[in-house]
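Observations on chain architecture
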Amino acid sequence: MIGLDNGGTSNNATILDLSGDFLVGGLAETPSRVREGPTVAITALVEALDAILLSTGAARADVRAVGLDTPGPASADGVISSKGSTNFMEPEWRGFDVRGALEARLGLPVVYLNDGNAAALYAHHRHFGEQAVARSSASAIIGTGLGGGLVEGGTVIGGAAGMAGELGHVHIPMAGLLEAGQPVPRCNCGFAGDAESVASLTGLELNLLPYWLTQYEGHELAGVEPRAAARAARGYGERGDPLATRIFGQQAMAIGRLFTIVANVTDPDAYFVGGGVVEAAPHFRDWFLDAVAASTTLRPEQARVATFALVPDRDMAGARGAAIAALAALRGH
Ligand SMILES: [Zn+2]
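In this text, all values refer to a predicted model and were calculated from it rather than measured experimentally.

Things to note about the overall build of the chain
If you tally the helices and strands in the chain, you get 10 helices and 10 strands. Computed over its C-alpha atoms, the radius of gyration of the chain comes to 20 Å, within 12% of the 20 Å expected for a compact globule of 333 residues. Dimensions of the chain, computed from C-alpha atoms along their principal axes, come out at roughly 60 × 45 × 35 Å. Sequence-distant contacts, at least 24 apart, represent 64% of the contacts inside the chain between residues at least 6 apart. Accessible area for the chain stands at about 14,300 Å²; split by element, carbon and sulfur atoms hold 54% of it. Charge-centre separation for the chain: the mean point of 23 positive side chains lies 2 Å from the mean point of 35 negative side chains.

A short note on helix H2 (residues 98-106)
Among the residues of H2, Val98, Arg99, Gly100, Leu102 and Leu106 are the ones counted as buried. As for H2, its buried residues are in contact with strand E1 (2-6), helix H1 (38-56), strand E4 (66-70) and strand E5 (110-114). Looking at where H2 begins, the residue whose side-chain oxygen comes 3.4 Å from the main-chain nitrogen of Arg99 is Asp97. After H2 finishes, the residue Gly107 shows a positive phi value of roughly 65°.

Focus on the packing of aromatic side chains
Two numbers describe a pair of aromatic rings. These are the distance of the centres and the angle of the planes. Per the stated rule, a full pass over the model turns up 11 aromatic pairs. Seen from their ring centres, Phe88 and Trp93 are 4.5 Å apart, and the 55° between their planes marks the pair as tilted. Ring centres of Tyr271 and Phe308 lie 5.0 Å apart, and the angle between their planes is 15°; on these two criteria the pair is classed as stacked. Pair noted here: Tyr271 is in strand E9 (residues 270-275) and Phe308 is in strand E10 (residues 307-310), with a separation of 37 residues, a long-range link. Its guanidinium or amino end placed over the ring of Phe22, Arg320 lies 4.5 Å from that ring's centre, counting from NZ or CZ.

A closer look at the coordination of the zinc ion
Tetrahedral coordination by four donors places them ideally at 109.5 degrees to one another around the metal; octahedral coordination by six donors ideally gives 90 or 180 degrees. Looking at the zinc ion, one finds its protein donor set to be His169 (ND1), Cys187 (SG), Cys189 (SG) and Asp194 (OD), positioned 1.9 to 2.3 Å from the metal centre. Given four donor atoms and angles of 104 to 115° at the metal, the environment of the zinc ion is assigned as tetrahedral. Each donor residue of the zinc ion lies on one chain, and together they are spaced H-x17-C-x1-C-x4-D. Placement of His169 in the loop between strand E8 (155-156) and helix H4 (195-198) and of Cys189 in the loop between E8 and H4 is noted, with a sequence separation of 20 residues between them. The class of His169 is partly exposed, set by a relative accessible area of 25%.

A few points about the packing of helix H3 (residues 115-128) against helix H10 (residues 317-331)
In contact at an axis separation of 7 Å, H3 and H10 are set at 80° when each is read in the N-to-C sense. Overall, the two elements H3 and H10 adopt an arrangement that is roughly perpendicular. Residues Ala118, Ala119, Leu121, Tyr122 and His125 of H3 pack against Ala317, Gly318, Arg320, Gly321, Ala322, Ile324 and Ala325 of H10. Of the residues in the contact of H3 with H10, the class split is eight nonpolar, three polar and one charged.

Some points on the sheet that holds E1
Backbone-to-backbone hydrogen bonds join strands into a sheet, with any given pair of strands oriented parallel or antiparallel. As summarised here, the arrangement of the five strands in space is E3-E2-E1-E4-E5, forming an open sheet in which the pairing is mixed. Looking at the sheet topology across the chains shown, the edges are occupied by strand E3 (29-31) and E5. Going from strand to strand, the sheet's axes swing by 25° on average, the running direction of each strand aside. Sheet topology note: the E4/E5 ladder contains five bridges and is parallel. Residue Val66 lies in a different strand from E5, and its bridge partner there is Val110. This element, H3, spans E4 and E5 of the sheet and lies at about 100° to E5.

Some words on helix H6 (residues 226-238)
For H6, built from 13 residues, the straight-helix expectation of 18 Å at 1.5 Å per residue is met to within 8% by its first-to-last C-alpha distance of 19 Å. Approximately 30° is the largest bend angle found in H6, and it occurs at Ala232. Looking only at H6, the buried set comprises Ala229, Ala230, Ala233, Gly235, Tyr236 and Gly237. The elements touched by buried residues of H6 are helix H5 (201-215), helix H7 (242-263) and helix H8 (282-294). After H6 finishes, the residue Gly240 shows a positive phi value of roughly 80°.

Rules and cut-offs
- Residues numbered from 1 in each chain as written.
- Predicted model: local features only at pLDDT ≥ 70, side-chain atom pairs only at ≥ 80, totals over all residues.
- Heavy atoms only, no water.
- Helix = DSSP H or I, 4+ residues; strand = E, 2+ residues; numbered from the N terminus.
- Rg over C-alpha atoms; globule rule 2.2 N^0.38 Å.
- Contact = heavy atoms within 4.5 Å.
- Areas by Shrake-Rupley, 256 points an atom, 1.4 Å probe, with all protein chains shown as cover.
- Lys, Arg positive; Asp, Glu negative; His and termini not counted.
- Charge placed at Lys NZ, Arg CZ, Asp CG, Glu CD.
- Buried < 20%, exposed > 50% of the residue type's maximum accessible area, 1.4 Å probe, protein only.
- Polar contact = N/O pair within 3.5 Å; in protein donor to acceptor, adjacent residues only side chain to side chain.
- Phe/Tyr/Trp six-rings, centres within 6.5 Å; stacked < 30°, edge-to-face > 60°.
- Lys NZ or Arg CZ within 6 Å of the ring centre and 35° of its normal.
- Donors = N, O, S within 2.8 Å, 3.2 Å for Na, K, Ca; no water.
- Tetrahedral: all angles 85-135°; square planar, octahedral: opposite > 155°, others 65-115°.
- Axes fitted to C-alpha atoms, helices over the stretch in contact; angles between N-to-C directions.
- Parallel < 35°, antiparallel > 145°, perpendicular 65-115°, else oblique.
- Nonpolar A, V, L, I, M, F, W, Y, C, P; charged D, E, K, R; others polar.
- Pairing = 2+ DSSP bridges.
- Expected span 1.5 Å × (residues − 1).
- Bend = angle between axes of the 7 residues up to and from the residue.

Structural data, given as structure tokens:
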């Protein structure tokens, strides 16, 4: 099984054998060339596959199936949104069937999932191992947006249109999360007050930072370009800066309130948090995860069985999740 994780600048690839072991330990990155349009980008995916095969001495004939993940929005079977998307800006990408195109080029079955779902699937299988098919989980992956997914019985819940588990666009209660006078945060999807409007790099840049800079006059980040300031905020949080601590406290509370909703929808065994925070200093990352758990309201019966954990191996989670999906499809579940 090959897992291919397609991103804005690079593809990452991995190999999973039929017994479920990964044959590649680290990152295997090649340029994704998505900005040059679909034809070039599909060739780049084939090159990523051939490169990973070469590195392990395997042949194309040994490959049974391929798992592919890309950033969304896309349909359940890998057709990029007709409105385009942040990562696929060229007009040719609109409505493009990236899964079908790769399958046609390779002559191998290709299974598709979005990058949030792939990371959620990897977190689930990594955490539960052989118990994965008997367990359920919810993952919130904090990046530019808030991705993630819901896993039930070891399989990602896809939904009729492929839009299940879009946790970022679930509305969460804002009372007690926002300060008096803090504007209701807005999301790029058009909603106000959904989870992504708070718990994402974009939400931090557009909603949280502008407000909190008014509360900490003279803060160093006031003079920094907004996107760069948003990216720098985590470093401030690691150093205990009061403004950054308030911002990440609101993000953790947003994820906890989101998980409270999930607790009443699928009641999962585990709640995973992933994204940039995983790479933060251990004391900060542990503080953040504890703050998420503290804001997740579970019934006593749920609290006894629930686990909170971080999504490991941030850079490899997508490719590995895609490979796991391919193996599951091959086994017929
Ligand atoms: Zn939204």
